[in-house]
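Here's the letter readout for the chains.
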Amino acid sequence: MLQSLAGSSCVRLVEQHRSAWCFALLVLGYLLYLVFGAVVFSSVELPYEDLLRQELGKLKQRFLEEHACLSEQQLEQFLMRVLEASNYGVSVLSNASGNWNWDFTSSLFFASTVLSTTGYGHTVPLSDGGKAFCIIFSVIGIPFTLLFLTAVVQRIILYITRRPVLYFHVRWGFSKQVVAIIHAMVLGFITVSCFFLIPAAIFSVLEDDWNFLESFYFCFISLSTIGLGDYVPGEGYNQKFRELYKIGITCYLLMGLIAMLVVLETFCELRELKKFRKLFYVKKDKEEDQVHIMEHDQLSFSSISDQAASMKDDQKANEPFVNSQSSTSNDSSLNN
């Protein structure tokens, strides 16, 4: 008997705070997924880092042995300056001296990566004025970009998602839920093909040092706005039509970002995902909302009635002749 009462009370407690329990599980799942990613990255990348450190140590030691006139401190100072310049997008190598980082097309590409929050980090402002302008430009430009993308996606999704689904539902009589799922899958396949697979094949041809996996990796890192910056197109030695290539990449990133947002919005409108998201949201108290609405209505009605009564009193006070005439006529009628 006690066990059944305890079990029923636990079930009732879980049902009353279902949203809180689901949110707690969501937080726990996210933290576990974060730890899982850290463990996998550490186990996969740490051996390669160790090999690279050993290789660099051997090369440095061999260079110092072959050049006895150069001290280790002088070499490290030179390497520190080279690495610092490399972080700003300036390379000391002879095969990279022909590319400028701040011509118009490169600046346009940099501005697009800043406003889209991709931020490859391969090129950064050097001067204090450039850094200050980058802050002001980003503060104004990022919300402006979000507004622009929201307006564009809202119009595109009307013609690409909602109207086709409604057409097949009304014209052919298919289930709206099934049509929405099939449409979302088809739209996702088209987006992956047009903005990931085909561009990856093109980048693998145009970039000499990229294979298909590296090109696909660049497309995903860019369109997901992660922007690690380890692969940046158009930075090779003597890149043909570099200016036109940079403008094309800028257009690709903008169109790809819009396509990604359209696909995400399409999937978010699925009924199953809406139900799943509602599990983690805080539910509003309907009774409290109704009380607030009734109080607001009562206040509005009382204020309206008070205003009407005051208007009538003002009208009577401003028209004494009409009032006296009506009162005398009423008295004469009563006397008769």
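What counts and what doesn't
- Residues numbered from 1 in each chain as written.
- Predicted model: local features only at pLDDT ≥ 70, side-chain atom pairs only at ≥ 80, totals over all residues.
- Heavy atoms only, no water.
- UniProt positions renumbered as here; feature names shortened; annotations may be inferred.
- Helix = DSSP H or I, 4+ residues; strand = E, 2+ residues; numbered from the N terminus.
- Buried < 20%, exposed > 50% of the residue type's maximum accessible area, 1.4 Å probe, protein only.
- Areas by Shrake-Rupley, 256 points an atom, 1.4 Å probe, with all protein chains shown as cover.
- Salt bridge = Lys/Arg side-chain N within 4 Å of Asp/Glu carboxyl O.
- Core = buried A, V, L, I, M, F, W, Y, C linked by side-chain atoms within 4.5 Å.
- Contact = heavy atoms within 4.5 Å.
- 1 Å grid on protein atoms, 1.4 Å probe; cavity = no way out; pocket = protein on both sides within 12 Å on 5 of 7 lines; lining within 4 Å.
- Points joined across faces, edges and corners; volume = space filled by probe spheres on them.
- Nonpolar A, V, L, I, M, F, W, Y, C, P; charged D, E, K, R; others polar.
- Axes fitted to C-alpha atoms, helices over the stretch in contact; angles between N-to-C directions.
- Parallel < 35°, antiparallel > 145°, perpendicular 65-115°, else oblique.
- Left-handed = near helix turned anticlockwise from the far one by under 90°.

- Taking an unreviewed UniProt entry as the reference, the protein chain is identified by name as Potassium channel subfamily K member 1 belonging to Vidua chalybeata.
- UniProt, in its Sequence similarities (unreviewed entry) section for the protein chain, records the words "Belongs to the two pore domain potassium channel (TC 1.A.1.8) family."

With respect to the overall build of the protein chain
Reasoning step 1: Counting secondary structure elements, the protein chain contains eleven helices and zero strands.
Reasoning step 2: N-terminal to C-terminal, the α/β element order of the protein chain is α-α-α-α-α-α-α-α-α-α-α.
Reasoning step 3: Residues classed as buried in the protein chain amount to 21% of the 336 residues present.
Reasoning step 4: Put simply, the protein chain shows about 25,100 Å² of open surface, and 67% of that area lies on carbon and sulfur atoms.

Things to note about the pattern of salt bridges
Reasoning step 1: Scanning the entire structure with this criterion turns up four salt bridges.
Reasoning step 2: Here E49 and R53 are joined by a salt bridge, their closest N and O atoms 3.1 Å apart. Here the residue E49 and the residue R53 both occupy positions in helix 2 (residues 18-66), the gap between them amounting to four residues, near one helical turn.
Reasoning step 3: Using a relative accessible area of 57% as the deciding quantity, one classes R53 as exposed.
Reasoning step 4: Notably, a salt bridge pairs E72 with K60, separated by 3.1 Å at the nearest N-O pair. Residue E72 is found in helix 3 (residues 72-87), and its partner K60 is found in helix 2; the two are separated by twelve residues along the sequence.
Reasoning step 5: With relative accessibility at 43%, the residue E72 sits in the partly exposed group.

Let's talk about the nonpolar core
Reasoning step 1: Judged by nonpolar contacts, the single largest core of 17 residues is most densely connected at F203, C219, L223, Y252 and L253.
Reasoning step 2: If you list the elements that add at least two residues to this core, you get helix 6 (176-206), helix 7 (212-223) and helix 8 (242-268).
Reasoning step 3: For this core, the element with the most residues is helix 8, which contributes six residues.
Reasoning step 4: Setting aside residues up to four positions removed in sequence, F203 forms contacts with W210, S215, F218, C219, P233, Y245, I249 and Y252.

Some details on empty space enclosed by the protein
Reasoning step 1: Following the criterion strictly, the structure yields one cavity of 30 Å³ or more and no others.
Reasoning step 2: Estimated volume of the largest cavity: approximately 40 Å³.
Reasoning step 3: N101, S106, F109, F110, H122, T123, E235, R242 and K246 together form the lining of the largest cavity.
Reasoning step 4: Elements with a contribution of two residues or more to the lining of the largest cavity: helix 4 (104-115) and helix 8.
Reasoning step 5: If one sorts the elements of the lining of the largest cavity by residue count, helix 4 sits on top with three residues.
Reasoning step 6: Of the residues in the lining of the largest cavity, the class split is two nonpolar, four polar and three charged.

Some points on the environment of E72
Reasoning step 1: Here the alpha-carbon distance between E72 and K60, two residues twelve residues apart in the chain, equals 8.9 Å.
Reasoning step 2: Apart from residues lying up to four places away in sequence, E72 is in contact with K60 and L64.

Focus: the UniProt feature "transmembrane region" (unreviewed entry) in the protein chain
Reasoning step 1: With numbering aligned to this structure, UniProt lists the feature "transmembrane region" (unreviewed entry) at residues 21-44, 135-158, 178-203, 215-232 and 244-264.
Reasoning step 2: Helix makes up 50% of residues 215-232 and strand makes up 0%, while its end C-alpha atoms are separated by 10 Å.

What about the packing of helix 6 against helix 7?
Reasoning step 1: Interhelical geometry of helix 6 versus helix 7 gives an angle of 130° and a closest axis separation of 8 Å. What the angle tells us is that helix 6 and helix 7 run oblique. Helix-helix and strand crossings are classified by hand; for helix 6 and helix 7 the assignment is right-handed. Counting all contacts with helix 6, which are made through F195, F196, L197, P199, A200, A201, F203 and S204, the residues of helix 7 involved are F212, S215, F216, F218, C219, F220 and L223.
Reasoning step 2: For the contact of helix 6 with helix 7, the class distribution of residues is 13 nonpolar, two polar and no charged.

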